[in-house]
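# Notes for the structure review
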Amino acid sequence: MGGSRAIVRLAVAAALVAGLVTGRPAEAIPVSAKHVDVELVADTAAAVPGASFRLGVRFVPEKHWHVYWKNPGDSGEAPRIAWTLPAGLTPGEIEWPTPERIPVGPLVNFGFEGETLLAAPVAVAHDVAAHAALDLRAQAKWLVCNQDECIPGGATLALSLPVGTVAAPAAPAIAELFSATHKRLPVASPPTVRVDATAEGDHVQLAVRGVALTGGAPPFFFAADREALDPSAEQPVAREGDGFLLTLTPRTAAPRTLAGVLRVGDRAYTVATPVAMTSGSSDASVSAIALAFAGGLLLNLMPCVFPVLALKALSLVGLSGAARRRVRRHGLVYAAGIVASFWLLAGGLLAARAAGAELGWGFQLQSPTVIAALAGLFFWMALVLLDVSQIGGSIMGVGQHLTTGDDDRAAFFTGVLATVVATPCTAPFMGTAIGYALGQPAPMALAVFTSLGLGLAFPYVAVTWIPALASKVPRPGAWMETLKQLLAFPLLGTVVWLVWIASVQAGPQAVGAILTGLVLIGFAAWVAGRFRGIGARAAAATAVAIAALLAFGIRPIDGPSAAGARTAEGGIADAAFEWESFSTARIAALRAAGRPVFVDFTAAWCVTCQVNKKVALETAEVIAKMKQLGVVAIRADWTRPDVEITRALQEFGRDGVPLYVLYSGKADDPPSILPQILTPTIVISALEKLESVELRRSST
């Protein structure tokens, strides 16, 4: 009798629960992809208004296959999940379990073998209607690999989840998966545990106090930032007091902060600590400062700087015969304009990166609005040189039209202009120096950028301060008027180049807006010249109005072009030879398949890149050699902002283009980095080395 009553009670309770939820259980649509099954799952059978639940993507790779952690290590790519949830549901950050070290030859990756869940908390608003059905979706992309090959995949995952008034447990297998995953999540270190990091020479010492070493696997630190540490480097451990000391190896320079997961035995702690710099790390800093100065010096030879340097040479002739003190002051003020501009660029870069933005050298030229403004500036300067415009028409006034008056302002703003036009170019040594600087504390970063600016200013300052050099400057004469007008044409050529960049970035609409602005600038110059009584203030107001109109015309299209943010700029000399668009997953798959890969990190606004393309990369002999060796050519177009390309550049310690990387057909071979200035001989020589290595392998 008592047993029958218990059964009835259970039946009634079950009926009540069924009525309180909806009568329709959670329904998921799993996806079977190559070597991995993927499914969207939740830790509840019903969402409750005002509460929260966990939603995750479940990966079940085949035996000996794996997916990756948020920092995949030496190679690979982390899964990416984009949620599409109904109104009233707010997802949180993905909770990453503690990863495993996965050796692949000499490389080490971080990831997960076996069943893995990447979940995030989801808050449900109070006003979500009960007894509704929630259509949950996630766009998932992943890379699944074994020791020999990698296969990218992606799918839209769906889950239908009812809304009830009380929580209901998920299916036992799913509930167990969430429980097991929760145990694998790193936890915040307790107050008794202290972690400090110090840069010493080429390493970072991680001092851990309050954690005793236990048997089993030695401690290991998984850096959250892929660029912070070398994943394949050993992490020697030494006991010290009530804890231990872990020696870490940075990828390039010591990072400013160290964030990640510290695994000690069967425990894992989240770590975020600043890295203290010691005198032992000064050698790298001195080298970076020296490289920056050399890079700035060589920047004077880059084609993008020529128009401004030509103007400065003209102004130097105008100063010939002036008092030595005045000439020297002019050189110093010009240098001050350059250095101040580099400080402004450095400050903007550091602030943006601290806020989480993925930016690098030349970032401002990824904006069509900036490109339009520069086109207007250079067009107006050309009109001044051609005597079409009388606004700021003296030789000393060229390039500093923002003010009128004395020579100091003229020199300073010409230095500013030199910096602006220098950013499309990256000279040798610059990439390494800038990559180091952006990973350092602000004072060191500013020191590197200051050295870069001083290198750019040095030749002109040297001429103004060294009498022997100043004596070589020709005397002023009637010939200067002809030279002045001739210098307008490099500026007009720069305008054409800038308009072309805008067409790549934002399409024909941008070209139309810029050309309209240039016509208006020409009209304003004509009015100022025809009606001299307009006055300097009215002319300045006209220039401001035109600039505002130009910015207004570009703003609606200051986004990815219709062709997409990753259009492969430029053509190719051989129509049968195609460049692929950049993808880290594609590169990983090609390397795993034994295919050699050449990657061209480029941008339409990078003058050095365009010269290298025409002079070396698109020549018949280079293309023939690539086709002969079966090299897959990939173009990483950074004309518009691209986070994946930015991160790939940072992997090589670079924060700007150009960068040329050649991977052999063996996954365990390190990539070859080609020089920033290319010739066909340089590229073919690198390809022939790849060929000779392969021949030696096959002979053995």
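In this text the structure is predicted, and so the values were computed from the model without any measurement.

## Here we look at the overall build of the chain
- Check the secondary structure of the chain and you find 19 helices and 27 strands.
- Restricting the contact set of the chain to residue pairs at least 6 apart, pairs at least 24 apart contribute 76%.
- When the accessible surface of the chain is totalled, it reaches about 30,800 Å², and 62% of it is carbon and sulfur.

## Things to note about the sheet that holds strand 25 (residues 632-637)
- Pairing is mixed in the open sheet, where 5 strands are placed in the order 23-25-24-26-27. A strand with exactly one partner marks an edge of an open sheet, and here the two such strands are strand 23 (580-581) and strand 27 (672-673).
- In the sheet, strand 23 pairs with strand 25 via 2 bridges, with the strands oriented parallel. Residue E580 lies in a different strand from strand 25, and its bridge partner there is I634.
- Sheet contacts for helix 16 (residues 607-617): strand 24 (597-602), strand 25 and strand 26 (659-663); angle to strand 24, the most-contacted strand, approximately 145 degrees.

## Considerations on the sheet that holds strand 3 (residues 36-42)
- Strands sit in the order 2-3-5-11-8 across an open sheet of 5 strands; the sheet is antiparallel. Each edge of the open sheet carries a strand with a single partner, namely strand 2 (31-33) and strand 8 (89-91). The sheet shows a mean angle of 25 degrees between the axes of neighbouring strands, direction not considered.
- Relative to strand 11 (residues 116-124), strand 5 (residues 52-61) runs antiparallel, the two being bridged by 8 bridges. Across the sheet, F53 pairs through a bridge with V122, a residue of strand 11.

## Some points on the pairing of strand 20 (residues 243-248)
- Burial within strand 20 is extensive, with 5 of its 6 residues counted as buried.
- Note: strand 17 (residues 203-209) against strand 20, 6 bridges, orientation antiparallel. Looking at strand 20, one finds that V204 is bridged to L248.
- Pairing of strand 19 (residues 237-240) with strand 20, which is carried by 4 bridges, proceeds in the antiparallel orientation. Counted as the bridge partner of A238 is L245 from strand 20.

## Things to note about the state of the cysteines
- Per the counting criterion, the structure on display carries 1 disulfide.
- Across a sulfur-sulfur distance of 2.1 Å, C145 and C150 are joined as a disulfide pair. Linking C145 and C150, the disulfide has an S-S dihedral of approximately 120 degrees and is accordingly described as right-handed. Grouping residues by exposure puts C145 and C150 together as buried.

## As for the pattern of salt bridges
- This model, assessed by the stated rule, comprises 11 salt bridges.
- Measuring nitrogen to oxygen at the nearest pair gives 3.3 Å for the salt bridge that ties R137 to D135.
- A residue is classified by how much of its surface remains accessible, and R137, at 35% relative accessible area, is partly exposed.
- According to the relative accessible area criterion, D135 is partly exposed, its value standing at 41%.
- Across the salt bridge formed by E618 and R635, the nearest N and O atoms sit 3.9 Å from each other. On the criterion of sequence distance, the pair formed by E618 in the loop between helix 16 and helix 17 (620-629) and R635 in strand 25 is long-range, its members being 17 residues apart. Each member of the pair, E618 together with R635, is buried.
- In the salt-bridge network here, residues are joined through shared partners; they are D600, K614, E618 and R635.

## Let's talk about helix 15 (residues 584-592)
- Most of helix 15 is tucked away, with 8 of its 9 residues classed as buried.
- Of the surrounding secondary structure, the elements contacted by the buried residues of helix 15 are strand 12 (133-145), strand 13 (150-162), strand 24, strand 25, helix 18 (643-651) and strand 26.
- Of the residues trailing helix 15, G594 is marked for its positive phi of about 85 degrees.

Calculation criteria
Residues numbered from 1 in each chain as written. Predicted model: local features only at pLDDT ≥ 70, side-chain atom pairs only at ≥ 80, totals over all residues. Heavy atoms only, no water. Helix = DSSP H or I, 4+ residues; strand = E, 2+ residues; numbered from the N terminus. Contact = heavy atoms within 4.5 Å. Areas by Shrake-Rupley, 256 points an atom, 1.4 Å probe, with all protein chains shown as cover. Pairing = 2+ DSSP bridges. Axes fitted to C-alpha atoms, helices over the stretch in contact; angles between N-to-C directions. Buried < 20%, exposed > 50% of the residue type's maximum accessible area, 1.4 Å probe, protein only. Disulfide = S-S within 2.5 Å. Salt bridge = Lys/Arg side-chain N within 4 Å of Asp/Glu carboxyl O.

None of this, on its own, says anything about what the molecule does.
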